[in-house]
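# Inside the fold
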Amino acid sequence: VVGRRFMADEAAAAAASEELRLTLSVPERVLVDNREVERVTVPGRGGTFGLEKNSPPMVSELAPGTVLVDYGKGETEQFFIPGGFAFANPDNTVTVSSPEGVSLDDIDTDRVKVEADALNARLATADKGSKEEAEIKVGLEVYKALGHAL
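Summarised in this report is the structure supplied together with it. Note that the coordinates shown come from a computational prediction; the quantities given were computed from them, not determined experimentally. (Residues numbered from 1 in each chain as written. Predicted model: local features only at pLDDT ≥ 70, side-chain atom pairs only at ≥ 80, totals over all residues. Heavy atoms only, no water.)

### Regarding the packing of helix α2 (residues 109–125) against helix α3 (residues 131–149)
Here α2 crosses α3 at 150°, and the two axes come no closer than 9 Å. The angle between the axes of α2 and α3 places the two elements in the roughly antiparallel class. Crossing handedness for the pair α2 and α3: left-handed. Of the residues in α3, those in contact with Val 112, Glu 115, Ala 116, Leu 119, Asn 120, Arg 122 and Leu 123 of α2 are Glu 132, Glu 133, Ile 136, Lys 137, Gly 139, Leu 140, Tyr 143 and Leu 146. Grouping the amino acids of the contact of α2 with α3 by side-chain chemistry returns eight nonpolar, two polar and five charged. (Axes fitted to C-alpha atoms, helices over the stretch in contact; angles between N-to-C directions. Helix = DSSP H or I, 4+ residues; strand = E, 2+ residues; numbered from the N terminus. Parallel < 35°, antiparallel > 145°, perpendicular 65-115°, else oblique. Left-handed = near helix turned anticlockwise from the far one by under 90°. Contact = heavy atoms within 4.5 Å. Nonpolar A, V, L, I, M, F, W, Y, C, P; charged D, E, K, R; others polar.)

Rendered as structure tokens:
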């Protein structure tokens, strides 16, 4: 059997007839299940970027931040993720995979502040260069991004 290479112009031609579809998932559930979208904006490690129909194929590591899903006609939804990966495929599908994710509507802003303050207090007493200090700093990065999202 001889394999056939899928060339970039063939991928573009195949994708041109499709709508952009998004799947956003975390290990325990799917937050957006293969829905048609106009655009999805994600928090890339190098900065926030958007994916639309016919975006080039890519893989990107995601930073803590907001995933903005634009379904079109004024319907949007926002999710907070602590990081993950985005995959843009040549068939106009985008998959966002994250270890956790929650709708911004479901976040308790008072609790975010309390938890961030508790981490800052722990950081003050953590040994420099310790595993504890590293874990606290990762947590603070997430809470900082969450605070900006709200």
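### Some points on the pattern of salt bridges
In the structure shown here, the tally under the stated rule is twelve salt bridges. Between Glu 61 and Arg 45 there is a salt bridge, with its nearest N and O atoms 3.5 Å apart. Of this pair, Glu 61 sits in strand β5 (residues 58–62) while Arg 45 sits in the loop between β3 (39–44) and β4 (47–52), and the two are 16 residues apart along the sequence. Between Lys 131 and Glu 135 there is a salt bridge, with the nearest N and O atoms lying 3.9 Å from each other. Note that Lys 131 and Glu 135 are positioned in helix α3 at a spacing of four residues, about one turn of the helix. Among the charged side chains, a salt-bridge network with shared partners connects Arg 45, Glu 61 and Glu 141. (Salt bridge = Lys/Arg side-chain N within 4 Å of Asp/Glu carboxyl O.)

### Quick look at the side chain of Glu 133
Of note, Glu 133 is situated in helix α3. Classification of Glu 133 by relative accessible area gives buried; the value is 10%. Beyond its immediate sequence surroundings of up to four residues, Glu 133 is in contact with Leu 123, Ala 126, Asp 127 and Lys 128. (Buried < 20%, exposed > 50% of the residue type's maximum accessible area, 1.4 Å probe, protein only.)

Without other data, these values stay purely geometric and don't point to any function.
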